[in-house]
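As a plain string of letters, each chain reads:
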Amino acid sequence: MRWKTVLTLGMLTAMIASGCREDSSAAAKATDQSGAKNQLTGRLTLTGSSTIAPLAAEIARRFEQQHPGVRIDVQSGGSGKGIADVRAGTADIGMASRALKAGEQDLEAYPIAADGVCLIVHARNEISQLDNDQVISVYTDRINNWKQLGGADLPITVVHKAEGRATLEVFLSYLGMENPAIHPDVIVGDNEHGIKTVAGAPGAVGYVSIGTAEANISAGVPIRMLPMQGVPATTENVATGRFPMSRPLNLVTSASPAPLSRAFIDYCQSEEVHDLIVAQYFVPTQR
Amino acid sequence: MTSLWRNILSPRSGDWWLRTVTRTCAVVSAVVVLLVLVFLTTEALPALRRIGISRFVTDEGWYPLSDRYNMLPMIVGTLLTTTGAILVAGPLGICSAIFAQFYAPPSVARWYRRLIELLAGIPSVVFGLWGLVVLVPLLASVGGSGQSLMAASLILGLMILPMVALTAGSAFAAVPPELIRGGAALGFSRFAIVWHIALPAAGSGIAAGVLLAVSRAMGETMAVVMVAGNVVQIPDSLTAPVRTLTGNMALELGYAAADHRSILFISGLGLLVAVSCTMLLINRIAGAAS
């Protein structure tokens, strides 16, 4: 008799533990629907691109100050994760630093800013510019020493991203390459990992978000951005659309976002947050 | 077995509560382990059914987005980094335990042990960050990018070193003092006492500690991702990059869908089985010793 109670108690605890994730998001939806009329309350979860996450966290903090009843949780993990989480319902808003693909038209994308992807090398590297063919040759291992490109006699360390990263997709589609054709020496996860890798290896070349690279350079990290097709990699050139390898920073929701998600997205697209976007070295988009 | 409970004449309600609470805790822990196993299996089954096991070693490379799923390089990567870590941590850990137990003056030994315990408390991501910004640039001067099998083995070795050193230390401490004193009375040198008496007597305890460290090294993820280079290939030298099964899951699970996701769960299931086998082996060794 007693054993049975103990057993049921144990099972119940386990069930609550395994079910609590859906539970909390359902509760959040309930509260944000009831509170949307006058005072916004509830909890929002954002996941996705590591490029957007720091910006979203800053915007979220300001939004929370204006609406004390709202809690916003921002997690990074790559654009692919953002899309997958919105579909699975584990996140209210996904962050994707690329346009939606043909297979993702069931979702809604809201651009909040733009960012460029640029090649970076170590600060001591003398190379001033690479054209597209040279970049392709380096990444397919047909060229493996900087000497062949007019630089020092130093082997090239090709830094590549893990599959599913938005920067990888922007980079590959811009150069018209397929991932299996690339022969990397190092595969990294996010932008910071890529920058630390290049900063630690004088022969390395990698590609990262211009915003993240500018922030690191102004913090004294020994890396240098290479121009693409003669256009210097700066946020101004991304803003004017001159820089060729650029991408939109999108917030992504399911076809019918909850009112609280809607309100947060409107806030992200408003002029009130342009200073935050510029502070993160991104370019605000005009509505 | 008659329970102690029935022999007590005046049972108190406090006992009843304690019993209920501890039983609940035990059941919950067991159920959680089983749930994890069931979850892993159900997630892994679709791909096992559709793709079969043989393709995991015969496909051309690992390109999950193009339906190519050769996991052999990552299995080899996990085995190599684990072996490398044990080669680093095994001798270092056992020797430092011998030092602390038999050679160091007591005051030094006490502080030394605290230092090793501190090493055990460092979070793995800190090891990874240190490896990425300090160790990797150093190794890059040897050749390659520095993010390599060697870097991963060294970092993993440092991480499991305290586990080896502390378990070896307690194994030495458990050697019956009369054995040591007997050796000393026979006029053995300190080296002979360590080599011929203490080591054989503590052998099974040390082996169990090393295996425990093996299971930790196999499962470690964050630090390895940061320093291993993560290229999917069977490394041809110590300076070549390598990707482990856990690193692969960490890098790809976020965006993986359908079969790809299912396959990552298969590698998780494989790791769980490997770690369980190590644990069984530890129990056997410990059982044989007692």
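What counts, and where the lines are drawn
- Residues numbered from 1 in each chain as written.
- Chains lettered and ligands numbered in written order.
- Predicted model: local features only at pLDDT ≥ 70, side-chain atom pairs only at ≥ 80, totals over all residues.
- Helix = DSSP H or I, 4+ residues; strand = E, 2+ residues; numbered from the N terminus.
- Buried ≥ 20, exposed ≤ 12 C-beta atoms within 10 Å, placed from the backbone.
- Contact = placed C-beta atoms within 7 Å.
- Axes fitted to C-alpha atoms, helices over the stretch in contact; angles between N-to-C directions.
- Parallel < 35°, antiparallel > 145°, perpendicular 65-115°, else oblique.
- Left-handed = near helix turned anticlockwise from the far one by under 90°.
- Nonpolar A, V, L, I, M, F, W, Y, C, P; charged D, E, K, R; others polar.
- pLDDT = per-residue confidence, 0-100.
- Core = buried A, V, L, I, M, F, W, Y, C linked by C-beta atoms within 7 Å.
- Pairing = 2+ DSSP bridges.
- Right-handed = clockwise from strand over helix to strand, strands pointing away.
- Expected span 1.5 Å × (residues − 1).
- Bend = angle between axes of the 7 residues up to and from the residue.

A. Representation of the overall build of chain B within the structure. Each helix and strand in chain B was counted, giving 12 helices and two strands. For chain B, the α and β elements follow one another from N to C terminus as α-α-α-β-β-α-α-α-α-α-α-α-α-α. Counting only C-alpha atoms and orienting by the principal axes, one finds that chain B spans roughly 70 × 60 × 30 Å. Residue burial in chain B is summarised as follows: out of 290 residues, 38% are buried. Nonlocal contacts in chain B, meaning residues at least 24 apart in sequence, comprise 75% of its contacts between residues at least 6 apart.

B. Representation of the packing of helix α5 (residues 106–121) of chain B against helix α7 (residues 149–173) of chain B in the model. All names here are of chain B. Where α5 meets α7, the axes come as close as 8 Å, and the angle between the chain directions of the two elements is 140°. Considering their axes alone, α5 and α7 lie oblique with respect to each other. In this structure, α5 meets α7 at a crossing whose hand is left-handed. On α7, the residues that touch R113, I116, E117, L119 and A120 of α5 are L161, P162, M163, A165, L166 and G169.

C. Local environment of the interface of chain B and chain A. At the interface, 33 residues of chain B touch 30 residues of chain A. Counting residues per element, the ones that place at least two in the side of chain B that touches chain A are α2 (13–51), α6 (124–140), α10 (222–227) and α11 (245–252) of chain B. At eight residues, the largest contribution of residues to the side of chain B that touches chain A is made by α2 of chain B. Here the residues of the side of chain B that touches chain A sort into 20 nonpolar, 11 polar and two charged.

D. The confidence of the model for chain B, seen in detail. Residue and element names in this part refer to chain B. In this model, chain B carries an average pLDDT of 88, and 95% of its residues clear a pLDDT of 70 or more. When mean pLDDT is compared element by element in chain B, α7 scores highest at 94, while helix α1 (residues 4–7) scores lowest at 56. Interface scoring of the predicted complex returns ipTM 0.76; its pTM is 0.75.

E. Quick look at the nonpolar core. Core analysis: the biggest nonpolar cluster contains 144 residues, and C118 of chain A together with A151, I155, I160, V164 and V227 of chain B have the highest contact counts within it. Excluding residues within four positions of it along the chain, I160 of chain B makes contact with A85, A89, A213, R216 and A217 of chain B.

F. Layout of unusual backbone geometry. Residue and element names in this part refer to chain A. Located in the positive-phi region is D141, a residue other than glycine, with phi close to 70°. If you trace the backbone, D141 turns up in the loop between α4 (132–139) and β5 (157–161). Accessibility expressed as a C-beta count within 10 Å gives 14 for D141, which makes it partly exposed. Even without being glycine, Q229 reaches a positive phi, approximately 50°. Its location among the elements puts Q229 in the loop between β8 (223–225) and α8 (235–239).

G. Focus on the pairing of β5 of chain A. Residue and element names in this part refer to chain A. Counting buried positions along β5 yields five of five residues, so the element is predominantly enclosed. Judged by which residues are buried, β5 turns out to be covered on both faces: T157, V159 and K161 on one side and V158 and H160 on the other are all buried. For β5 and strand β7 (residues 204–209), the ladder comprises two bridges, and the chain directions are parallel. The partner of V158 across the bridge, within β7, is V205.

H. A look at the environment of S173 of chain A. All names here are of chain A. Turning to its location among the elements, S173 is positioned in helix α5 (residues 166–175). According to the C-beta neighbour criterion, S173 is exposed, with 12 such atoms within 10 Å. Considered as a pair, S173 and M245 are 72 residues apart in the sequence and their alpha carbons are 9.5 Å apart.

I. Quick look at the packing of α6 of chain B against α7 of chain B. All names here are of chain B. Close contact between α6 and α7 brings their axes to 10 Å; oriented N to C, the two are set at 140°. One element, α6, and the other, α7, form an angle in the oblique class. α6 and α7 meet at a crossing whose hand is right-handed. Facing α6, whose interface residues are S124, F127, G128, G131, L135, V136 and L139, α7 presents M150, A151, L154, I155, L158 and M159. When grouped by side-chain class, the residues that make up the contact of α6 with α7 number 10 nonpolar, three polar and no charged.

J. How the structure looks around the pairing of strand β1 (residues 42–48) of chain A. All names here are of chain A. Of all seven residues in β1, six are buried, a share of seventy percent or more. Both β1 and strand β2 (residues 70–76) contribute to a ladder of seven bridges, which runs parallel. Residue G48 lies in a different strand from β2, and its bridge partner there is S76. Viewed along the sheet, the connection from β1 through helix α2 (residues 53–66) into β2 turns out right-handed. Pairing analysis gives three bridges linking β1 to strand β3 (residues 93–96), with the strands arranged parallel. The partner of L46 across the bridge, within β3, is I93.

K. The arrangement of helix α4 (residues 72–103) of chain B in detail. Its 32 residues place the ends of α4 of chain B 45 Å apart at the C-alpha level, agreeing with the 46 Å of an ideal helix rising 1.5 Å per residue. Of all the bends in α4 of chain B, the greatest reaches close to 25° and is centred on A89 of chain B; the proline P91 of chain B follows between one and four positions later.

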